[in-house]
Amino acid sequence: MTLKQKRLISKIFMVVCLTVVAVIYIYPVFLMVVNSFKPFGEIIANVLAMPKEPDLSNYTYVIDKIKYGKLFCNNVIITVIGLIGIIAFSSMAAYILERRNNRYTRFVHTLVITPMLIPFQAIMITLLKSMNVLHLSGSKVGLGIQYWGFGVPMATFIFYNFMKTIPRELDESAKIDGASTFRTFISVIFPLLKSVTITVIVLDVMWIWNDFLLPLLMVNSSNETKTLVLAAYTFVGQMNTKWNYALTAMTLAIVPSVIVFILLQKYIVEGVVAGAVKG
Amino acid sequence: MKRKTRENLETVLFSLPAVILVCLMMYLPFVLSGYYSLTKWNGISKDAVFIGTENFKSILVDSRDFTSSLWFTAKYTFVFVIFSNVFALMLAVVLTKKFRGANFYRGIFFIPYIMSMTIVGFIWKFIFTNGFEKLYEMTEMGVWNLSWLGDSSLVFYAVAFVGVWQSLGFYIVLYIAGLQAVPADVLEAATVDGATGSQRFFKVTLPLLGPSFTTCIFMSLTNGLKVFDIILALTKGGPGTASNSVTMQIYKEAFTNNNYGRGSAESILYFLFVLVVTQVVLKAFNRKEVDL
């Protein structure tokens, strides 16, 4: 056997092993999807079997029961409000804090990025109280606004580090052309932040879309304001869960993320890596 | 208006929204936690009764709930950090090899990471209860018949396993990025000098992965210390308090037992715990990095 053949065989062996691992790895997700097409009796009889005939009644029931369209919109509204605020306020702050170096900006920089060290669960009790006072709890818009506060520290940190790589000559020439600071930021600087903005968008969409505890505390009381994950949560009771409906609600909650991931895998993975390395 | 004054005004205006937001959402609740930790407060009544350090004393001395939850979190974090990093590195090494469909395989491992952790918890709750039962019927192997979520000595492994399963993809992509940044000419030079495959990996690649290690260890550390959603979905901290993480303990103290004052005191202790652990680990790692 030549060296080339040996290499080929070891490569085939490796790919086969990897395939086995990957199949086992993703099998639980596959089981969730498969079982969502079975009536309750069939799930209990044999979890591992394929559906006798694909049954869509779980889907029609759950979509109607949780008002899927409405909840999907809620998720979109909350995520979009959160994103816009985080990006606008963080990029502005990062721009000015990086460009002007004085005692005030150094202090504010520390003040804004330090909360990255505070775990959410360490403040959630009194957060609920404060948000009640500010009337930000119990509404989608309020929840979106709350994400500004939680997203700003990390996003500012990422934007700030990226700002260092943008030459100051650009600001100066814009200024000579008569542009105000705000104008310079909007027309010259912000367009250059495109790649890092994508990173922030990827990280924050994944976080806000899938977040559970903050929505649970803030918007779980009414069906009007619930998110997709909260709806799935209500389907899984402690004792006798109706697994056919629960699995359907769970599948419906992850379908949007999976579709977006399949379409944008490259950007999402790059964004996540960049965010972790810079963050 | 003088140029200087205008510049200063601009600086304040540009940074003001960010400052107000972090003060309202992060610092205000944090300071309030500090205050309420010194009170007896049920969360509903208007006035909280000031009781000094009574809460801290009862948490640390009188009851074992909090300290045992701290211990659970420490154990979980340790196991989570080790296993997610070891498995992620192993898979990343395989996934950086050139073969058709490498991207597809990377995608597979990444999928659990894009799902909500609550959903992940429920998927595994379903598998552990209904799925394992059927597997036992088919194979009659003892592992499938154990009560992974119901037995207080096994539940730790079940929770840790699900935690690693969910986030493995994240660490895989970080290690892949790190491995791809190892310069090919250094590896070639090692080969020319007669290094074997494993020598090349352990003596050249691994030390050069330093920054990726620091990132991954640090991220897995903070994520491990924050574990909550998965536990709430899988066991709600049970059976008994066998899978009670600190976060779960704080949540229950406040929102189930209505001891908001005590919950706030636990929050403060938890914050200090996280701060100390992350700083110590970060310091230890920064010293060990190898520069090229």
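### Considerations on the overall build of chain B
Right, on to step 1. When you go through chain B residue by residue, the secondary structure sums to 12 helices and two strands.
Right, on to step 2. Listed N to C, the secondary structure of chain B is α-β-β-α-α-α-α-α-α-α-α-α-α-α in terms of helices and strands.
Right, on to step 3. Its C-alpha radius of gyration of 24 Å places chain B more than 25% over the 19 Å reference for a compact globule of 292 residues.
Right, on to step 4. Along the first, second and third principal axes, the C-alpha set of chain B runs to 80 × 75 × 30 Å.
Right, on to step 5. Considering chain B as a whole, with its 292 residues, one finds that 41% of them fall into the buried category.
Right, on to step 6. A separation of at least 24 residues holds for 73% of the contacts in chain B among residues at least 6 apart in sequence.

### Description of the interface of chain A and chain B
Right, on to step 1. Contacts between the two partners involve 71 residues from chain A and, on the opposite side, 63 residues from chain B.
Right, on to step 2. Those elements that provide at least two residues to the side of chain A that touches chain B are α1 (3–35), α4 (68–99), α5 (103–113), α6 (124–133), α7 (140–163), α10 (194–210), α12 (228–235) and α13 (243–278) of chain A.
Right, on to step 3. In terms of residues, the side of chain A that touches chain B owes the most to one element, α13 of chain A, which gives 15 residues.
Right, on to step 4. Broken down by class, the residue content of the side of chain A that touches chain B amounts to 55 nonpolar, 13 polar and three charged.

### Topic: the confidence of the model for chain B
Right, on to step 1. Of all residues in chain B, 98% attain a pLDDT of 70 or more, and the chain-wide mean is 88.
Right, on to step 2. Model confidence for chain B, summarised as mean pLDDT per element, is weakest for strand β2 (residues 49–50) of chain B at 83 and strongest for helix α3 (residues 65–95) of chain B at 94.

### Looking at the packing of α7 of chain A against α10 of chain A
All names here are of chain A.
Right, on to step 1. At their nearest, the axes of α7 and α10 sit 10 Å apart, and the two run at 155 degrees to each other. Here α10 runs roughly antiparallel to α7, going by the angle between their axes. Regarding α7 and α10, the two cross each other, and that crossing is right-handed. Taking contact as the criterion, the partners of Y147, G151, A155, I158, F159 and F162 in α7 are, on α10, V196, T199, V200, D204 and I208.
Right, on to step 2. Among the residues forming the contact of α7 with α10, the class breakdown is eight nonpolar, two polar and one charged.

### Here we look at the nonpolar core
Right, on to step 1. A232, A249 and M250 of chain A together with I119 and I172 of chain B are the most contacted members of the largest nonpolar core, which totals 155 residues.
Right, on to step 2. Discounting chain neighbours no more than four positions away, the residues touching A249 of chain A are V62, I66, A231, A232 and F235 of chain A.

### Remarks on the confidence of the model for chain A
Caution applies to low-pLDDT regions: their predicted coordinates should not be interpreted in detail.
Right, on to step 1. Counting all residues, the mean pLDDT for chain A is 89, and 97% of those residues have values of 70 or more.
Right, on to step 2. No element of chain A has a lower mean pLDDT than helix α2 (residues 40–45) of chain A, which averages 85, and none a higher one than α4 of chain A, which averages 94.

Cut-offs used in this document
Residues numbered from 1 in each chain as written. Chains lettered and ligands numbered in written order. Predicted model: local features only at pLDDT ≥ 70, side-chain atom pairs only at ≥ 80, totals over all residues. Helix = DSSP H or I, 4+ residues; strand = E, 2+ residues; numbered from the N terminus. Rg over C-alpha atoms; globule rule 2.2 N^0.38 Å. Buried ≥ 20, exposed ≤ 12 C-beta atoms within 10 Å, placed from the backbone. Contact = placed C-beta atoms within 7 Å. Nonpolar A, V, L, I, M, F, W, Y, C, P; charged D, E, K, R; others polar. pLDDT = per-residue confidence, 0-100. Axes fitted to C-alpha atoms, helices over the stretch in contact; angles between N-to-C directions. Parallel < 35°, antiparallel > 145°, perpendicular 65-115°, else oblique. Left-handed = near helix turned anticlockwise from the far one by under 90°. Core = buried A, V, L, I, M, F, W, Y, C linked by C-beta atoms within 7 Å.

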